[in-house]
Amino acid sequence: MTTRRDFTFTLMCSAAGMALAPLAGCATTQRMTSMTAIDCHAHVFLHSLPMPDPRRAPAGYDATPAAYLGLLDAHGMSHGVLVQPSFLGLDNSYLVSVLRAHPRRLRGIAVVAPGVSVQELDALQGAGVVGIRLNLVGLPAPDFASPGWPELLEQVRLRDWQVEVHQIAQELKPVLAPLLAAGVKVVVDHFGRPSAMLGVNDPGFRYLLSLGQTRRVWVKLSGAYRNGPGGRGEETALAAMPLLLREFGAERLIWGSDWPHTLFEKTAHYDTEFRLMESWLPDLAQRQVVLHDTPARLFRF
């Protein structure tokens, strides 16, 4: 169990000005502690892997587990959650291989289709997968009553997994309402993707806020740059924080780096995202809950 002293040491390391290299002793100390903080959203892949979904497929670089773990160490983060990238489609084999290589530090969120077998879900769970992702940006909401979906959602519920939803705010309700009716836990990516023009006044974001009372929805503080150009997304994130804390509480918020920031590789960096998190959560007690207590339970570390 992580002590307050362990977590304070992490904050001291990060506040002292780490970028890509830790202060002497920080990374080593973090590897020795059982858990300090959890990055809840990152991707790993090789550019040589088949990419059946080209919508957001990067080209020409690898996002390796070694590079990611190095960034965790440099920022005092002891654990991480890997999310299957949309561009790798339903082939979770690389994700599974990485999870099996780092079972103590990493958990995973897979992408599967309705009709997936119980045996395949068992194999994913055995590798460290704790949920499935629906990346629906630019796509219609699934018909959750169609063949295969009720069975899949029941498996998610029985396993106490989560469904992670990536969708723009105005399209959240047709996705979230059926998922909640199915009794599953729901995690909403990237602040719920409010409109760049409307920000926190986006009706879809206001709907998301109304779900805090269900206690079965978590919001991921991540990828603010995806919610508007020229710093607008970051401004929206800052405005959203008091509303999210009021409606959800710190115990239903988690943070993710969104590394390697696909489509935003030239403008977004792990260090920048880490420092934004510190500005969003200046209260150290709340930061402890968001970075450690909540994700440790949610992702079953």
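The rules behind the values
- Residues numbered from 1 in each chain as written.
- Predicted model: local features only at pLDDT ≥ 70, side-chain atom pairs only at ≥ 80, totals over all residues.
- Heavy atoms only, no water.
- Helix = DSSP H or I, 4+ residues; strand = E, 2+ residues; numbered from the N terminus.
- Buried < 20%, exposed > 50% of the residue type's maximum accessible area, 1.4 Å probe, protein only.
- Phe/Tyr/Trp six-rings, centres within 6.5 Å; stacked < 30°, edge-to-face > 60°.
- pLDDT = per-residue confidence, 0-100.
- Contact = heavy atoms within 4.5 Å.
- Pairing = 2+ DSSP bridges.
- Right-handed = clockwise from strand over helix to strand, strands pointing away.
- Axes fitted to C-alpha atoms, helices over the stretch in contact; angles between N-to-C directions.
- Parallel < 35°, antiparallel > 145°, perpendicular 65-115°, else oblique.
- Core = buried A, V, L, I, M, F, W, Y, C linked by side-chain atoms within 4.5 Å.
- Nonpolar A, V, L, I, M, F, W, Y, C, P; charged D, E, K, R; others polar.

Attention now moves to the overall build of the protein. Across its full length, the protein holds 11 helices and eight strands. The 301 residues of the protein split such that 58% are buried.

What follows covers the packing of aromatic side chains. The final tally for this structure, using the stated rule, is eight aromatic pairs. Considering the side-chain rings of Phe-45 and Phe-87, the 5.1 Å spacing of their centres and the 90 degrees angle between planes classify their relative orientation as edge-to-face. Of this pair, Phe-45 sits in the loop between strand 1 (38–42) and helix 3 (65–74) while Phe-87 sits in the loop between strand 2 (79–83) and helix 4 (93–101), placing them 42 residues apart in sequence. An identical accessibility class is assigned to Phe-45 and Phe-87; each is buried. Measuring from ring centre to ring centre gives 5.7 Å for Tyr-68 and Trp-259, while their planes differ by 25 degrees; the resulting arrangement is stacked.

Here we take up the confidence of the model for the protein. For the protein, per-residue confidence averages 90 on the pLDDT scale, and 89% of positions sit at 70 or higher. Below a pLDDT of 50 lies the segment residues 1–33, which in the model reaches 55 contacts outside its immediate sequence neighbourhood of four places, other chains included.

Once that is clear, we can look at the pairing of strand 5 (residues 162–166). Most of strand 5 is tucked away: five of the five residues are buried. Side-chain alternation along strand 5 places Gln-162, Glu-164 and His-166 on one buried face and Val-163 and Val-165 on a second face that is also buried. Here strand 4 (residues 129–135) pairs with strand 5 via five bridges, running parallel. Note on strand 5: the bridge partner recorded for Gly-131 is Gln-162. Once you follow strand 4 into helix 6 (residues 149–158) and on to strand 5, the crossover reads as right-handed. Where strand 5 lies against strand 6 (residues 185–188), four bridges are found, and the strand directions are parallel. Residue pairing in the sheet places Val-165 in a bridge with Val-188 of strand 6. Where the polypeptide runs from strand 5 across helix 7 (residues 173–181) and back to strand 6, its parallel neighbour, the crossover connection is right-handed.

Let us look at the packing of helix 4 against helix 5 (residues 118–127). Their axes nearest at 8 Å, the elements helix 4 and helix 5 cross at an angle of 40 degrees. When the axes of helix 4 and helix 5 are compared, the pair comes out oblique. Facing Val-96, Leu-99 and Arg-100 of helix 4, the residues of helix 5 in contact are Ala-123, Leu-124, Gly-126 and Ala-127.

The next point concerns helix 4. Where helix 4 is concerned, the buried positions are Tyr-94, Leu-95, Val-96, Val-98 and Leu-99. Packed against the buried residues of helix 4 are helix 3, strand 2, strand 3 (106–110), helix 5 and strand 4.

The eight strands are arranged 1-2-3-4-5-6-7-8 in an open sheet whose pairing can be described as parallel. Looking at which strands have only one partner, the edges of the open sheet turn out to be strand 1 and strand 8 (253–255). When the angles between neighbouring strand axes are averaged without regard to direction, this sheet yields 25 degrees.

The biggest cluster of nonpolar side chains holds 77 residues, and the ones touching the most others in it are Leu-179, Leu-221, Leu-244, Trp-255 and Trp-280. Looking at which element gives the most residues to this core, the answer is helix 9 (residues 232–247), with six residues. Listed in part, the 13 residues of the second largest apolar core include Ile-38, Cys-40, Val-187 and Leu-298.

A few words now on the packing of helix 8 (residues 203–210) against helix 9. Helix 9 packs onto helix 8 with a crossing angle of 30 degrees between their chain directions and a minimal axis gap of 9 Å. By the angle class used here, helix 8 and helix 9 are roughly parallel. Every residue of helix 9 that contacts helix 8 at Phe-205, Arg-206 and Leu-209 is listed here: Ala-240, Leu-243, Leu-244 and Glu-247. The residue makeup of the contact of helix 8 with helix 9, split by class, is five nonpolar, no polar and two charged.

For the bond from Trp-259 to Pro-260, the omega torsion is 5 degrees, close enough to zero to count as cis. Note that Pro-260 resides in the loop between strand 8 and helix 10 (270–280). Positive phi is not limited to glycine here, since Asp-258 has a value of about 65 degrees. Structurally, Asp-258 can be placed in the loop between strand 8 and helix 10. The residue Arg-300 is not glycine, and still its phi comes out positive at about 60 degrees. Classification of Arg-300 as partly exposed rests on a relative accessible area of 34%.

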